[in-house]
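Chain and residue survey
One-letter residues, chain by chain:
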Amino acid sequence: MSSEPLRVVHYINQFFGGLGGEEAGGAPVSVKDGPMGPGLGLAQAFGNRATIVNTIICGDNYFNDHTAEALSTIMAAVGKARAQVVVAGPAFNAGRYGLACGAVCRAAREAGVPAITAMFEENPAVELYRLFTYIVPTTGSAAGMRQVLPKLAELAIRLAQHGKLGPAFAEGYLPTGHRYNEYDEHTAAQRVVAMMLKKLKGEPFHSEIPLRGFEVVPPAAPLSDLTGATLALVTGGGIVPEGNPDRLKQAFSVAYGAYDMTGLDGLPSGAYVGIHGGYDCGWANEDPNRVVPLDGMRRLVQEGRVGGLYHRFFSTCGIGTNIANAKRIGAGIARELLDAGVQAAIYTST
Amino acid sequence: MVKEAERAGIPAAHITAIPSVALSVGASRVVVGGGIPHPTGNPDLPRAREMEFRYRCLELALKAIGTAVDKPTLFKVEEV
């Protein structure tokens, strides 16, 4: 290995580049010699192992409004600097800055230059770019700068030396979702039995195929007296008025419909049908209340156990819908429920 | 979708025939339904008993809405 310091190019936004705040967001790409801003901390952690040849600064608005242009200027500078690794950020929880860092790293990697960035796990850019670049987790605000820079510097050096990093759990970057084959002296059967024995003994073990984690949402406070409350019915079972007036998709949903049931004692067969592409809608078509239980709700209202039922039910097809769309659809329905003064809801899924 | 309702402060009962999925995804108030293609029905039952089953399902959903929970919790309907 060469004893020459590794050549690093560092990307930062207008704020960390000292150009100004939001008012300087339109600043186009500029290239400076040496480190600046957070790069000074990186340089300190690099010591004589690596050197920041150039700092590239770009306004967040400029980058996001002129992405192609900005990227082409940035990549020309990366090439000219003969960079062995590109470091972007840290962007913390800044949305536009995060997007710029992700896009710069992706472009660098596609050009054959290893790249790494750092940002808060909930930065929207994480979901968009985690497949394409290494992202070191940070705190939500720049208060965590001092903690993250040494980590980012170490990983950047190893990345420049080896072209890739080990698995996320060992290296400490955010999981990318990629899985790689590797050789192991033990067969899969031996490893799984070893894992099972550890599990039986209550010892810690690591699955080789971790399941995707789901966001934890704290439950809402309960509502025990519903006699004065308005409830709503929501389904992922794809019940719609005959003819599917909103042309909802049968799968991979991106939208939902809201349908009036004023004056109905139950959802009549024939007038409401199931369009869901993931289950046999025969039983639902025979009696749509099997999926949207309007007749049962009417009885609860009549008996005075529930104050009232919101006059529309909400429907979409749950099948094949990705989490981001499901979340968006769910949030849209929740907003309508809040606006309508609905206090509790019953969701059915097929 | 139910998580978005709960996030907005609206307690939401989730009636499903696959409670394991609902619980693992993190729905807070899960009620076991009558079947995948008919969460609030059971076509094998005579009509009157099916109506009764649906009513029990909804009663249980009301109970779930009225119960304080701190994690994904399962509510089961009794046989009719």
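Everything below is about the structure printed above this text.
Residues numbered from 1 in each chain as written. Chains lettered and ligands numbered in written order. Predicted model: local features only at pLDDT ≥ 70, side-chain atom pairs only at ≥ 80, totals over all residues.

1. Remarks on the overall build of chain B
Counting its regular elements, chain B contains 3 helices and 3 strands. Looking at chain B as a whole, 49% of its 80 residues qualify as buried. (Helix = DSSP H or I, 4+ residues; strand = E, 2+ residues; numbered from the N terminus. Buried ≥ 20, exposed ≤ 12 C-beta atoms within 10 Å, placed from the backbone.)

2. Focus on the overall build of chain A
Looking only at helices and strands, one finds 11 helices and 13 strands in chain A. In chain A, which comprises 350 residues, the share counted as buried stands at 41%.

3. Details of helix α3 (residues 47-65) of chain B
Since the α-helix packs 3.6 residues into each turn, any two residues three or four apart lie on the same face. For α3(B), which comprises 19 residues, the first-to-last C-alpha distance of 27 Å matches the rise-based estimate of 27 Å (1.5 Å per residue) to within 8%. Buried within α3(B) are the following residues: B:Glu50, B:Met51, B:Phe53, B:Arg54, B:Cys57, B:Leu58, B:Leu60, B:Ala61, B:Leu62, B:Ala64 and B:Ile65. Buried positions along α3(B) lie against α10 (294-302) and β13 (344-349) of chain A together with β1 (12-16), β2 (29-32) and β3 (73-75) of chain B. (Expected span 1.5 Å × (residues − 1). Contact = placed C-beta atoms within 7 Å.)

4. Remarks on the interface of chain A and chain B
Facing the 46 residues of chain A at the interface are 38 residues of chain B. Elements represented by at least two residues in the side of chain A that touches chain B include exactly α9 (282-286), α10, α11 (323-339) and β13 of chain A. Of the residues in the side of chain A that touches chain B, the class split is 29 nonpolar, 10 polar and 7 charged. (Nonpolar A, V, L, I, M, F, W, Y, C, P; charged D, E, K, R; others polar.)

5. Side note on the environment of A:Ala115
Residue and element names in this part refer to chain A. Within the element layout of this structure, Ala115 appears in strand β5 (residues 115-120). Under the C-beta neighbour-count criterion, Ala115 is labelled buried, with 27 such atoms within 10 Å. Discounting chain neighbours no more than four positions away, the residues touching Ala115 are Val85, Val86, Ala88, Cys105, Ala108, Arg109 and Thr133.

6. Regarding the nonpolar core
As a rule of thumb, soluble globular proteins bury nonpolar side chains together. If you look at the biggest cluster of nonpolar residues, it comprises 59 residues, and the most contacted ones within it are A:Val85, A:Val86, A:Val104, A:Leu152 and A:Ala156. In contact with A:Val86, other than residues within four places in its own chain, are A:Val9, A:Tyr11, A:Val78, A:Val104, A:Cys105, A:Ala108, A:Val113 and A:Ala115. In terms of nonpolar packing, the next biggest core, distinct from the first, is built from 56 residues, A:Tyr256, A:Ile275, B:Ala5 and B:Phe53 among them. (Core = buried A, V, L, I, M, F, W, Y, C linked by C-beta atoms within 7 Å.)

7. So, the packing of α10(A) against α3(B)
Where α10(A) contacts α3(B), the axes come no closer than 9 Å and their chain directions differ by 65°. Judged by the angle between their axes, α10(A) and α3(B) are roughly perpendicular. Judged by the twist between their axes, the crossing of α10(A) over α3(B) is right-handed. Only B:Arg54, B:Tyr55 and B:Leu58 of α3(B) make contact with α10(A), whose side of the interface consists of A:Gly296, A:Met297, A:Arg299 and A:Leu300. Class assignment for the residues of the contact of α10(A) with α3(B) results in 4 nonpolar, 1 polar and 2 charged. (Axes fitted to C-alpha atoms, helices over the stretch in contact; angles between N-to-C directions. Parallel < 35°, antiparallel > 145°, perpendicular 65-115°, else oblique. Left-handed = near helix turned anticlockwise from the far one by under 90°.)

8. Quick notes on the packing of helix α3 (residues 67-80) of chain A against helix α4 (residues 95-110) of chain A
Residues and elements named next belong to chain A. α4 packs onto α3 with a crossing angle of 55° between their chain directions and a minimal axis gap of 10 Å. Between α3 and α4, the crossing angle belongs to the class labelled oblique. For the element pair α3 and α4, the recorded crossing hand is right-handed. Contact residues: Thr67, Leu71, Ile74, Met75 and Val78 in α3; Ala103, Val104, Ala107 and Ala108 in α4. For the contact of α3 with α4, a count of residues per class yields 8 nonpolar, 1 polar and no charged.

9. Some details on unusual backbone geometry
Residues and elements named next belong to chain A. Following Gly89, the chain continues into Pro90 via a peptide bond in cis, with omega recorded as 10°. Considering the arrangement of structural elements, one finds Pro90 in the loop between β4 (85-88) and α4. The phi torsion at Phe92 lies on the positive side, around 50°, for a residue other than glycine. By secondary structure assignment, the location of Phe92 is in the loop between β4 and α4.

10. Notes on the pairing of strand β7 (residues 230-235) of chain A
Residue and element names in this part refer to chain A. Buried residues dominate β7, accounting for 5 of its 6 residues. Across 2 bridges, the pairing between β7 and strand β11 (residues 308-309) is parallel. When the sheet's bridge partners are listed, Leu231 is paired in β11 with Leu309. Sheet analysis places β7 next to strand β12 (residues 312-315), joined by 2 bridges and oriented parallel. Its bridge partner being in β12, Val234 is matched across the sheet by Phe314. (Pairing = 2+ DSSP bridges.)

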